[in-house]
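Listed here are the chains, written in short residue letters.
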Amino acid sequence: MLLPVLREEVARYAKKMYANQLVQATQGNLSARDPESGFVCITPSGADYELITAEDIVVVDEHGNVLEGKWKPSVETPLHTLVLRRRQDIHCVMHTHSPYATAFGVVYQSFPMVLAESALCLGGDVPIAPYRMSGTPEFAALIADTLGNNSAVIWGNHGAMVVGVNLPLTFSTAHALEDSAKVYAIAKQLGTPVLLPQGEVAKLHTFWVNNYGQKAREQ
Ligand SMILES: [Zn+2]
């Protein structure tokens, strides 16, 4: 079997993504690139996250051509491989439907940085892409363009996507995105949220970039 260890890790984090309610049912998708071969391990289309194992993970090349796998790769494979080709600084892509981040993409409002954890990996407001039907090359280009050098992008009227240097950091970034959106939404109902100072956000993000080797967002 090609890349058995990385496939096992993708299956494990796909289960965590589901168990932590970043996705429901068969929604969302997750990929990780093997830095040596450049091959990408990606969740299959219609994945059953409760049962998913390494054998269910599909291996594709950098253009999304299937190299090994018993299922069809995620319908969003063209987007994953486009982002991975453009962003050599990261190796993982996770698409979630986490509800608070998604809600901000329904009202098309970004949310400011109110938590240190989010400021570290996100570094500022998360860009929101306009709604388009997903799964097409045009959609992939739109999302990759809107992501730019950021760690996350919200898909209008759909969900969110985060990228990272490895699976644990990508998973924690997806969590930080959802936590930030959720806490800001709750705080707004309680009173007037006090934002982290811009200088502090920049300092935290610089710390993250220097420690993990991920590109800094464009300010
Ligand atoms: Zn989706």
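Throughout what follows, the structure given in this document is the object of discussion.

Scoring rules and cut-offs
- Residues numbered from 1 in each chain as written.
- Predicted model: local features only at pLDDT ≥ 70, side-chain atom pairs only at ≥ 80, totals over all residues.
- Heavy atoms only, no water.
- Donors = N, O, S within 2.8 Å, 3.2 Å for Na, K, Ca; no water.
- Helix = DSSP H or I, 4+ residues; strand = E, 2+ residues; numbered from the N terminus.
- Buried < 20%, exposed > 50% of the residue type's maximum accessible area, 1.4 Å probe, protein only.
- Axes fitted to C-alpha atoms, helices over the stretch in contact; angles between N-to-C directions.
- Parallel < 35°, antiparallel > 145°, perpendicular 65-115°, else oblique.
- Left-handed = near helix turned anticlockwise from the far one by under 90°.
- Contact = heavy atoms within 4.5 Å.
- Expected span 1.5 Å × (residues − 1).
- Polar contact = N/O pair within 3.5 Å; in protein donor to acceptor, adjacent residues only side chain to side chain.
- Disulfide = S-S within 2.5 Å.
- 1 Å grid on protein atoms, 1.4 Å probe; cavity = no way out; pocket = protein on both sides within 12 Å on 5 of 7 lines; lining within 4 Å.
- Points joined across faces, edges and corners; volume = space filled by probe spheres on them.
- Nonpolar A, V, L, I, M, F, W, Y, C, P; charged D, E, K, R; others polar.
- Core = buried A, V, L, I, M, F, W, Y, C linked by side-chain atoms within 4.5 Å.
- Salt bridge = Lys/Arg side-chain N within 4 Å of Asp/Glu carboxyl O.

All right, on to the coordination of the zinc ion then. Around the zinc ion, the protein contributes the donor atoms His95 (NE2), His97 (NE2) and His158 (NE2), at 2.0 to 2.1 Å from the metal centre. Every donor residue of the zinc ion comes from the same chain, spaced as H-x1-H-x60-H. One end of the pair, His95, is in strand β5 (residues 92–96); the other, His158, is in the loop between β7 (152–155) and β8 (159–164), with 63 residues separating them in the sequence. Residue class for His95 comes out buried when judged on its relative accessible area of 3%.

On to the packing of helix α1 (residues 4–19) against helix α6 (residues 167–190). At their nearest, the axes of α1 and α6 sit 11 Å apart, and the two run at 15° to each other. Taken together, the axes of α1 and α6 lie roughly parallel to each other. In this structure, the crossing between α1 and α6 has a hand that is right-handed. Taken together, the residues of α6 that come into contact with α1 (itself represented by Glu9, Val10, Tyr13, Lys16 and Met17) are Leu167, Pro168 and Phe171.

Turning next to α6. Along an α-helix, residues three or four positions apart point the same way, because every turn accommodates 3.6 residues. A rise of 1.5 Å per residue sets the reference length of α6, with its 24 residues, at 34 Å; its end C-alpha atoms lie 34 Å apart and thus fit the reference within 8%. Regarding α6, its N-cap is Asn166, as a side-chain oxygen of that residue lies 2.9 Å from the backbone nitrogen of Leu169 further along.

Under the counting rule described, the total for this entry stands at zero disulfides. As a non-bridged cysteine, Cys41 has Cys92 as the owner of its nearest cysteine sulfur, 9.8 Å distant.

Our focus in this paragraph is empty space enclosed by the protein. Following the criterion strictly, the structure yields one cavity of 30 Å³ or more and no others. Its boundaries defined by the atoms lining it, the largest cavity holds a volume of some 30 Å³. Every residue along the wall of the largest cavity is listed here: Arg33, Gly38, Val40, Glu62, Thr81, Leu84 and Arg85. When residues in the lining of the largest cavity are grouped by element, the largest group, three residues, is from helix α2 (residues 77–86). For the lining of the largest cavity, the per-class residue count stands at two nonpolar, two polar and three charged.

Inspection of the secondary structure puts His91 in the loop between α2 and β5. Considered as a pair, His91 and Arg33 are 58 residues apart in the sequence and their alpha carbons are 5.0 Å apart. Here His91 is in contact with Ser31, Ala32, Arg33, Pro35, Leu84, Gly164 and Val165, once residues within four sequence places are set aside.

In this structure, Met94, Phe111 and Leu177 are the most contacted members of the largest nonpolar core, which totals 45 residues. The next biggest cluster of nonpolar side chains, apart from the first, holds 21 residues, and it includes Val40, Val83, Phe139 and Ala140.

A separate point is the pattern of salt bridges. The full count for this structure, using the stated rule, is six salt bridges. We note a salt bridge from Arg12 to Glu9, for which the minimum N-O separation is 3.1 Å. You can see Arg12 and its partner Glu9 sitting in helix α1, three residues apart, about one turn around the helix. By relative accessible area, Arg12 is classed as partly exposed at 40%. When its relative accessible area of 24% is taken as the criterion, Glu9 is described as partly exposed.

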